[in-house]
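In case you want the letters, here they are:
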Amino acid sequence: MPGYIMKVLEKYQHPLPVKPQHSPFKLAPYVSLRKNERQYGPSPDLSPTLDASNTTWIQQIVGSLLHYGRAIDHTILPALNNISASQAKPTITIKSQCHHLLDYCATYPDVVLCFQASDMVITIDSDAAYLVEPGAKIMLLVISNSTPIVHLTQMSMQLSSLNAKSFAMLLHPQLKLKLQVFFIMPNEPFLSIICSTK
């Protein structure tokens, strides 16, 4: 989709960033925990709610970038997911996240996907975020010869870290069968299950 991002930036009158933006969303700074300390999710967003015109603007941006993210640039999907979860009643923080995402898209306007035949060996690794973000979900990462090729997010798990990771392991064989059909690989050896919980 050459030139699509530049049309989106022009449509929403978003200026090109002065400094290149290399991350589609702001990451929380890493804090090392001491013994007997707990990690908590981020506090709720208490910034003021936007008016109707800004709400429509955010919804239009999500709609404009969703197809592009699913088809071409998968790196913007986590940011779009976070923005779209609050697009019904967005706040000033969500608007700043939209500007951050548009800066990232302006930095990388013409993303290209290349597919090449290879002797791939599929490995599926999973992890579950628990108490990291409200409504955190299970993530499955499909790896081919040490290169991530598919990133899937499954349903939310609110029970516990162990239950979430166990449920992620149950999704492995189902996903492997779907990938074998998609990539036409009937002789692929059985998948090893990788989980970070002992």
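Now for a look at the structure at hand. The numbers attached to residues start from 1 for each chain and follow its sequence in the written order. Predicted model: local features are reported for residues with pLDDT of at least 70 only, side-chain atom pairs are reported and counted for 80 or more only, and whole-chain, interface and lining totals are derived from all residues. Excluded from the side-chain calculations are hydrogens and water; all other atoms, namely the structure's heavy atoms, are used.

All right, on to the overall build of the protein chain then. Helix and strand counts for the protein chain come out as five helices and four strands. In the protein chain, the succession of helices and strands from N to C terminus is α-α-α-α-β-β-β-α-β. Residue exposure (1.4 Å probe, protein chains only): buried if accessible area is under 20% of the type maximum, exposed if over 50%, otherwise partly exposed. Counting the 198 residues in the protein chain, one finds 28% classified as buried. Contacts are assigned to residue pairs with any non-hydrogen atoms lying within 4.5 Å of each other. Within the protein chain, contacts between residues at least 6 apart in sequence are counted, and of these 66% link residues at least 24 apart. Each accessible area is a Shrake-Rupley result for a 1.4 Å probe, and residues are judged covered by the shown protein chains and nothing else. Counting only carbon and sulfur atoms, one obtains 60% of the accessible surface of the protein chain, whose full area is about 13,400 Å². Elements are defined by DSSP. Helices are runs of H or I of four residues or more, strands are runs of E of two residues or more, and each kind is numbered from the N terminus.

When glycine is set aside, most residues are seen to have a negative phi, and most peptide bonds are trans. Phi is positive for Gln 13, which is not a glycine, with a value near 50 degrees. Relative to the helices and strands, Gln 13 resides in the loop between helix H1 (4-11) and helix H2 (52-71). You can call Gln 13 exposed: its relative accessible area is 71%. Here the phi dihedral of Asn 36 falls at roughly 65 degrees; this positive angle occurs in a residue that is not glycine. With respect to the helices and strands, the residue Asn 36 is situated in the loop between H1 and H2.

What follows is about helix H3 (residues 77-84). Within H3, burial applies to Ala 79, Leu 80 and Ile 83. Seen from one end, H3 has its buried residues packed into an arc of 100 degrees, which puts them on one side. On its buried side, H3 packs onto H2 and helix H4 (92-107). Think of the arc as the fan of directions from the helix axis to the C-beta atoms.

When you line up the elements, Thr 55 lands in helix H2. Counted as a polar contact is a pair of N or O atoms within 3.5 Å, where, for protein atoms, one must be capable of donating a hydrogen and the other of accepting one, and residues adjacent in sequence contribute only when both atoms are in side chains. Polar contacts involving the side chain of Thr 55 include one to the main-chain carbonyl oxygen of Asp 51, which spans 2.8 Å. When sequence neighbours within four positions are dropped, the list of residues in contact with Thr 55 reads Leu 50, Gln 87, Ala 88 and Pro 90.

This part is about the side chain of Thr 91. The residue Thr 91 is located in the loop between H3 and H4 in this model. A relative accessible area of 8% means that Thr 91 is categorised as buried. If we skip the residues at most four places from it in the chain, Thr 91 touches Asp 45, Ser 47, Pro 48, Thr 49 and Leu 50.

We now examine the packing of aromatic side chains. Each Phe, Tyr or Trp ring, with Trp reduced to its six-membered ring, pairs with another whose centre is within 6.5 Å; inter-plane angles below 30 degrees give stacked pairs, above 60 give edge-to-face pairs, and intermediate values give tilted ones. Overall, the coordinates contain two aromatic pairs when judged by the stated rule. Between Tyr 4 and Tyr 68, the aromatic rings sit 5.8 Å apart at their centres with planes inclined by 25 degrees, giving stacked as the arrangement. Here Tyr 4 is found in helix H1, whereas its partner Tyr 68 is found in helix H2, with 64 residues between them in sequence. Note on Tyr 104 and Tyr 108: the rings are 5.3 Å apart at their centroids and 55 degrees apart in plane angle, and the pair reads as tilted. By relative accessible area, which is 34% here, Tyr 108 ends up partly exposed. Lys 95 extends its terminal NZ or CZ atom over the ring of Trp 57, reaching a point 5.8 Å from the ring centre. Consider the ring centre and the ring normal. A charge sits over the ring if Lys NZ or Arg CZ is within 6 Å of that centre and within 35 degrees of that normal.

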